[in-house]
Amino acid sequence: MRKSNLGTAIILSVLLSVFVTSAYAVGSLRGEYDLDKESKTFEKKKQIKNKGFDRNYTLQPPLIPHSIEKDKVTLKGNTCMKCHSAKNFQKEKAPKAGDSHYLDRDGKVLSKISSRRYFCMQCHVPQLDAQPLVDNNF
Ligand code: HEC
Ligand code: HEC
């Protein structure tokens, strides 16, 4: 009796692991190219530039509607803040980085951009008309 229970358990777990690995098998984004071979080059897409994108939900970081090719975010400086800082936004006719960008983790108001919001492109990204590389249902 005990032995057959153990046998069933082993068979079930083998079946389960086969099912799980086949359901979640992920292909490489490189496709079937060997690591030492060049992979396929994709055509370059044009960035969509306009006066702003609608947001899909309230706290979505808004998409970047302008070119950022010349912008740099480094240890020495952040060129986004030339236009989006509380000091410069009016002069540059740019939207001010949200108030949430000037809070530390305890909710204290800071005079400079919070280090938690320093790397703008962690959350804000430009937009292209491209299909996602990986399906997602979000
Ligand atoms: C030369 C000034 C300038 C610089 C530099 C700049 N921006 Fe902007 N940004 C603007 C202006 C002006 C707008 C308003 C839309 C427009 O006119 O393009 C804007 C819009 C945005 C928006 C959309 C806001 C919304 O509510 O829809 C985001 C996000 C943004 N910028 C992020 C960035 C980031 C990140 C950088 C650095 C990589 C950057 N910007 C650099 C001027 C600038
Ligand atoms: C951790 C994610 C995150 C980072 C990093 C970040 N932002 Fe944002 N940003 C958001 C979110 C979320 C919103 C929308 C809600 C809000 O205003 O807080 C937003 C809103 C904005 C807006 C629109 C404000 C408005 O009132 O419409 C601008 C402009 C902006 N961010 C610029 C920047 C710039 C410039 C940087 C870099 C210095 C930056 N953000 C870094 C998440 C981020």
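Residues numbered from 1 in each chain as written. Chains lettered and ligands numbered in written order. Predicted model: local features only at pLDDT ≥ 70, side-chain atom pairs only at ≥ 80, totals over all residues. Heavy atoms only, no water.

### Details of the coordination of the iron atom of ligand 1
So, step 1. Every protein donor of the iron atom of ligand 1 is accounted for by His 66 (NE2) and His 84 (NE2), and the metal-donor separations fall at 2.0 Å.
So, step 2. Around the iron atom of ligand 1, the six donor atoms are arranged such that angles at the metal cover 87 to 179°; this shape is classified as octahedral. Taken together, the residues span a long stretch of sequence, with His 66 in the loop between α1 (2–23) and α2 (81–84) and His 84 in helix α2 at a distance of 18 residues. (Donors = N, O, S within 2.8 Å, 3.2 Å for Na, K, Ca; no water. Tetrahedral: all angles 85-135°; square planar, octahedral: opposite > 155°, others 65-115°. Helix = DSSP H or I, 4+ residues; strand = E, 2+ residues; numbered from the N terminus.)

### With respect to the coordination of the iron atom of ligand 2
So, step 1. Protein coordination at the iron atom of ligand 2: the donors are His 101 (NE2) and His 124 (NE2), at 1.9 to 2.0 Å from the metal.
So, step 2. One can describe the site at the iron atom of ligand 2 as octahedral: its six donor atoms subtend angles covering 87 to 178° at the metal. Here the residue His 101 occupies a position in the segment after α3 (89–92), and His 124 occupies one in the segment after α3, the gap between them amounting to 23 residues.
So, step 3. Looking at His 101, the relative accessible area reads 13%, which means it is buried.
So, step 4. Judged by relative accessible area, which is 19%, His 124 ranks as buried. (Buried < 20%, exposed > 50% of the residue type's maximum accessible area, 1.4 Å probe, protein only.)

### Structural notes on the layout of surface pockets
So, step 1. Size it by volume and the largest pocket reaches roughly 1000 Å³.
So, step 2. If one sorts the elements of the lining of the largest pocket by residue count, α2 sits on top with four residues.
So, step 3. Of the residues that constitute the lining of the largest pocket, the class distribution is 19 nonpolar, 12 polar and nine charged.
So, step 4. Considering only enclosed or pocket space, the second largest pocket measures out at about 190 Å³ in volume.
So, step 5. In this structure, the second largest pocket is lined by Asp 54, Asn 56, Tyr 57, Gln 60, Leu 63, Gln 127, Asn 136 and Phe 138.
So, step 6. Per-class residue counts for the lining of the second largest pocket are three nonpolar, four polar and one charged. (1 Å grid on protein atoms, 1.4 Å probe; cavity = no way out; pocket = protein on both sides within 12 Å on 5 of 7 lines; lining within 4 Å. Points joined across faces, edges and corners; volume = space filled by probe spheres on them. Nonpolar A, V, L, I, M, F, W, Y, C, P; charged D, E, K, R; others polar.)

### Considerations on unusual backbone geometry
So, step 1. One non-glycine residue, Lys 93, adopts positive backbone phi at about 55°.
So, step 2. Within the secondary structure, Lys 93 is located in the segment after α3.
So, step 3. Classification of Lys 93 as exposed rests on a relative accessible area of 77%.

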